[in-house]
Amino acid sequence: MGEAPIIFEKDLLQKISNETKSVSIAYEAVVAAANKQYLVGGTDESGCSIGVQILDQTTRKWTTPVILGDKPEVCKDQSVIVLNEERMLVIRRDAALEDSLWFLEFNTKFVRDQRQALDAEVVAWSKGVIGEDLKPVVISGPSGVGKGTLISKLMEDFPTKFGFSVSHTTRAPRQKEQNGVHYHFSERSAMEKDIKDGKFLEFALVHDNLYGTSVEAVEVVADAGKRCILDIDVQGARQVRASPLGATFIFIRPPSFAELENRLRARGTETEEQVQKRLRNAKAEIEQGLSSGIFDHILENDDLEECYRNLKKLLGLDVIPDVCRTSQATKPHLSMNHLEENEDGRVVVVDHKNNKFALDVSCIRGGAPGRTRGLKLHPLSNGGDQTDQFII
Ligand SMILES: Nc1ncnc2c1ncn2[C@@H]1O[C@H](COP(=O)(O)OP(=O)(O)OP(=O)(O)O)[C@@H](O)[C@H]1O
Ligand SMILES: Nc1nc2c(ncn2[C@@H]2O[C@H](COP(=O)(O)O)[C@@H](O)[C@H]2O)c(=O)[nH]1
């Protein structure tokens, strides 16, 4: 745990406002690294999120960093605590619990990579989520092998357990494909800009079109309490493997190349030229899928029902389909009014009814450009005794 927040004196605060030309609302300063002070508060240029300013204590130079990630709404008051050399925890007071815990990363791997790529000072926001999420499932395989067919069966039989990550693509929609359901059909320039802005977990040029998984596509599924399924090519799977997502990787192989060709033609969705291109790419994709070490499991899709049974077994699913199709119960709604003190690995917070909780940040995972998950909240009773019970 780092140093407690330092509230700037009035005259210095005034100086900051003048120098940065920002609107200052309850700026707080945090000594985050050896020679830098991070000011968190106020607004940024868009006027609707919490601004960040950095003071280099050696040169006394102010920098407005590039701010990446999902930003919190502006709020009147927040507490800031440095957790380690990489990130700080920002608690928005008077916000609902689901929206009160945020992380500002200033030296995580993501931030260091982006700093290098953009050649600028970078910080990144990530929303904190209490509780564990379910490991996402990445399904890859050559075009026409049956990935979509298997995923559709899974979604049909287990609608409350799984959610599909809706990718972006620049390819034209096929008949019956709906925007926002099968894909987010996008303009190339718009997609390229979003990629540059760090909004994508992975992307690749596949059969001459751009495809990609946005951070949001995966997060909305996890937020709904479902296990996320990604249908992406091997290049994308490699990138996800290198990310902090921590997924299970499954490669679907065809029984033979001739059968793959039959299926692709029988589907009737591509022109002859496109079929040829997909078959050419399939050769390399199968080779990489079987030998790259990216995949945890390889399944052959010969008989569809048998392959589906194997897929379910591998995902640890009961053979009885999910009959409950209602949405999840809503989570309790708490607002964190006040940050009280720090205790080894835990931050003590109190809610609006003065109940004390220990926020355990020792097992967090993920982070920008997605959510920071794995936060635990334990009730504290009688001035500090912790119970083992998680409230969420
Ligand atoms: N085991 C199987 N036996 C016979 N046909 C199959 C089998 N699995 C899938 N198919 C058929 O093969 C065709 C291709 O399947 P699907 O569209 O699911 O492939 P895909 O891997 O998702 O392809 P793409 O990557 O191009 O989206 C479909 O017409 C589907 O009905
Ligand atoms: N790297 C990614 N690959 C993706 C993504 N979404 C789909 N795909 C792969 O593209 C091919 C072709 O798909 P089609 O719908 O045009 O037939 C297929 O192998 C998909 O797995 C993505 O977001 N990223």
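Fair warning: this is a prediction, and the values are worked out from it, not measured in the lab.

Quick notes on the rules
Residues numbered from 1 in each chain as written. Chains lettered and ligands numbered in written order. Predicted model: local features only at pLDDT ≥ 70, side-chain atom pairs only at ≥ 80, totals over all residues. Heavy atoms only, no water. Near = heavy atom within 4 Å. Polar contact = N/O pair within 3.5 Å; in protein donor to acceptor, adjacent residues only side chain to side chain. Areas by Shrake-Rupley, 256 points an atom, 1.4 Å probe, with all protein chains shown as cover. Helix = DSSP H or I, 4+ residues; strand = E, 2+ residues; numbered from the N terminus. Nonpolar A, V, L, I, M, F, W, Y, C, P; charged D, E, K, R; others polar. Domains from an automatic or database assignment. Buried area = accessible area lost by both parts, 1.4 Å probe. Salt bridge = Lys/Arg side-chain N within 4 Å of Asp/Glu carboxyl O. Pairing = 2+ DSSP bridges. Axes fitted to C-alpha atoms, helices over the stretch in contact; angles between N-to-C directions. Contact = heavy atoms within 4.5 Å. Patch = residues over 30% accessible without salt bridge, like charges linked within 9 Å, V, L, I, M, F, W, Y side chains within 5 Å. Lys, Arg positive; Asp, Glu negative; His and termini not counted. Charge placed at Lys NZ, Arg CZ, Asp CG, Glu CD. Buried < 20%, exposed > 50% of the residue type's maximum accessible area, 1.4 Å probe, protein only. Core = buried A, V, L, I, M, F, W, Y, C linked by side-chain atoms within 4.5 Å.

1. With respect to the site of ligand 1
So, step 1. In the vicinity of ligand 1, 14 residues are found, and the nearest of them are S143, K147, G148, T149 and R267.
So, step 2. A distance of 2.9 Å separates an oxygen atom of ligand 1 from a polar backbone atom of G144.
So, step 3. N301 has a polar side-chain atom sitting 2.8 Å from a nitrogen atom of ligand 1.
So, step 4. Here ligand 1, which alone exposes 640 Å², has 74% of that area covered by the protein.
So, step 5. Among the secondary structure elements, those contributing two or more residues to the shell around ligand 1 are α3 (147-157) and α7 (257-267).
So, step 6. Sort the elements by how many residues they give to the shell around ligand 1 and α3 lands first, with three residues.
So, step 7. Residue classes in the shell around ligand 1 are distributed as three nonpolar, six polar and five charged.

2. Brief notes about the domain arrangement of the protein
So, step 1. Assigned domains of the protein: these are domain 1 (20-131 + 332-379) and domain 2 (137-315).
So, step 2. Summing both partners gives a buried area of about 770 Å² for domain 1 against domain 2, and 41% of it is carried by carbon and sulfur.
So, step 3. Summed over the three residues of domain 1 that lose the most area to domain 2, namely P369, R371 and R373, the buried surface amounts to 53% of that side.
So, step 4. At the boundary of domain 1 and domain 2, one finds four salt bridges.
So, step 5. In this structure, R371 and D223 form a salt bridge, with 2.8 Å as the shortest nitrogen-oxygen distance.
So, step 6. Applying the counting rule to domain 1 against domain 2 returns four residue pairs in polar contact (both at pLDDT 80 or more).
So, step 7. Here the residues of the side of domain 1 that touches domain 2 are counted per class, giving two nonpolar, two polar and three charged.

3. Description of the site of ligand 2
So, step 1. Around ligand 2 lies a shell of 19 residues, among which S167, R171, Y183, E202 and Y211 are the nearest.
So, step 2. Between ligand 2 and the protein, one listed contact pairs an oxygen atom with a backbone N or O atom of G212 at 3.1 Å.
So, step 3. Contact between ligand 2 and T213: an oxygen atom at 3.3 Å from a side-chain N or O atom of the residue.
So, step 4. When ligand 2 is considered free in solution it has 510 Å² of accessible area, and contact with the protein chains removes 96% of it.
So, step 5. Of all elements in the fold, only β14 (200-206) and β15 (209-214) reach the threshold of two or more residues within the shell around ligand 2.
So, step 6. Its residues assigned to classes, the shell around ligand 2 comprises five nonpolar, six polar and eight charged.

4. Structural notes on the sheet that holds strand β17 (residues 248-253)
Strand pairing in a sheet takes place through backbone hydrogen bonds and is either antiparallel or parallel in direction.
So, step 1. Strand order in the open sheet formed by five strands is β11-β16-β10-β17-β18, with parallel pairing between adjacent strands. Two strands close off the open sheet at either side, each with one partner strand: β11 (162-164) and β18 (297-300). The average angle at which neighbouring strand axes cross in this sheet is 25°, direction not considered.
So, step 2. Across four bridges, β17 lies against β18 in parallel orientation. When the sheet's bridge partners are listed, I252 is paired in β18 with L299.
So, step 3. Here α3 sits on the sheet in contact with β10 (137-140), β11, β16 (227-231) and β17, set at roughly 160° to β16.

5. Let's talk about the environment of T169
So, step 1. Its place among the elements puts T169 in strand β12 (residues 168-169).
So, step 2. C-alpha separation for the pair T169 and Y183, spaced 14 residues apart in sequence, amounts to 6.6 Å.
So, step 3. Those residues in contact with T169 that lie beyond four places of it in its chain are Y183, H184, F185, S186, M191, N209, L210 and Y211.

6. So, a negative patch on the surface
So, step 1. A cluster of like negative charges, contributed by E300, D302, D303 and E306, occupies part of the molecular surface.
So, step 2. Looking at the secondary structure, you find E306 in helix α9 (residues 304-314).
So, step 3. The partly exposed category is assigned to E306, whose relative accessible area is 42%.

7. As for the nonpolar core
So, step 1. Residues I139, L154, F162, I250, I252, L311 and L315 are the most contacted members of the largest nonpolar core, which totals 23 residues.
So, step 2. Residue assignment for this core shows that the elements contributing at least two residues are β10, α3, β17, α7, α8 (272-291) and α9.
So, step 3. The greatest single-element share of this core, amounting to four residues, is contributed by α8.
So, step 4. Not counting the four nearest positions on each side in its chain, F162 is found in contact with L154, M155, K226, R227, I229, L315 and L317.

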